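Here is what each chain is made of, one letter per residue.
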Amino acid sequence: MGEGGCIFCKIAKKEIPSRIVFEDSRILAFEDLRPQAPVHILIIPKHHIEKIADIEEDDLGLIGDLVLAARNIAKEKGVDRSGYRIVINCNKDAGQEVLHLHLHLLGGRKFTWPPG
Ligand code: 5GP
Ligand code: ZN
């Protein structure tokens, strides 16, 4: 597991500390370093997948589990009724900065649509 130099692989391996909110054998969820909302959690597969464009049939179960983890964390954080947004940025135009697949779970404030 792990891709040299990838910051989220290092977080997954606990080589870099993070504020973990959920973990199982395949998934890690942790607080975003620069939160854009009162609730801003990143949910990642522990193994390196660069971006959503790279997922394969075999990853579909994992992607479902990432979404379920986001759903459960939203409930734990108390934003399930008020509402939340799950965001996956892919490549430059979407503003993907970290090339390790991650879901953003954002909640605790009102978001605009269309997004900026
Ligand atoms: P992206 O723009 O790639 O979709 O989102 C990357 C996210 O990772 C950003 O929201 C950024 O604040 C967060 N981030 C980048 N480096 C770190 C880090 O070392 N620790 C944590 N907890 N979050 C990070
Ligand atoms: Zn990685």
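Refer to the structure above for everything that follows.
It should be emphasised that the depicted structure is a prediction, and the values quoted were computed from it without experimental measurement.

K.L.:
Could you clarify how one ought to interpret the pattern of salt bridges in this entry?
P.N.:
One side chain can pair with another of opposite charge once the charged atoms of both are near each other. Under the definition given, this model contains eight salt bridges. With a closest N to O distance of 3.9 Å, Arg34 and Glu97 form a salt bridge. Placement of the pair is Arg34 in the loop between strand 2 (27–31) and strand 3 (39–45) and Glu97 in the loop between helix 3 (91–94) and strand 5 (103–107), with a sequence separation of 63 residues. Exposure class is identical for Arg34 and Glu97. Each is exposed. A salt bridge links Lys51 to Asp54; the nearest nitrogen and oxygen atoms lie 3.1 Å apart. Residues joined in a network through salt bridges with shared partners are Lys14, Glu23 and Lys46.

K.L.:
Is there a simple way to think about the coordination of the zinc ion (ligand 2) in this case?
P.N.:
The reference angle at a metal is 109.5 degrees if four donors form a tetrahedron and 90 or 180 degrees if six donors form an octahedron. Listed as protein donors to the zinc ion (ligand 2) are Cys6 (SG), Cys9 (SG), His48 (ND1) and His100 (ND1); their distances from the metal cover 2.0 to 2.3 Å. In the primary structure, the donors to the zinc ion (ligand 2) are separated according to the pattern C-x2-C-x38-H-x51-H. With Cys9 in helix 1 (residues 7–12) and His100 in the loop between helix 3 and strand 5, this residue pair connects regions lying 91 residues apart in the sequence. Both residues of the pair, Cys9 and His100, count as buried.

Basis of the calculations
Residues numbered from 1 in each chain as written. Chains lettered and ligands numbered in written order. Predicted model: local features only at pLDDT ≥ 70, side-chain atom pairs only at ≥ 80, totals over all residues. Heavy atoms only, no water. Salt bridge = Lys/Arg side-chain N within 4 Å of Asp/Glu carboxyl O. Helix = DSSP H or I, 4+ residues; strand = E, 2+ residues; numbered from the N terminus. Buried < 20%, exposed > 50% of the residue type's maximum accessible area, 1.4 Å probe, protein only. Donors = N, O, S within 2.8 Å, 3.2 Å for Na, K, Ca; no water.

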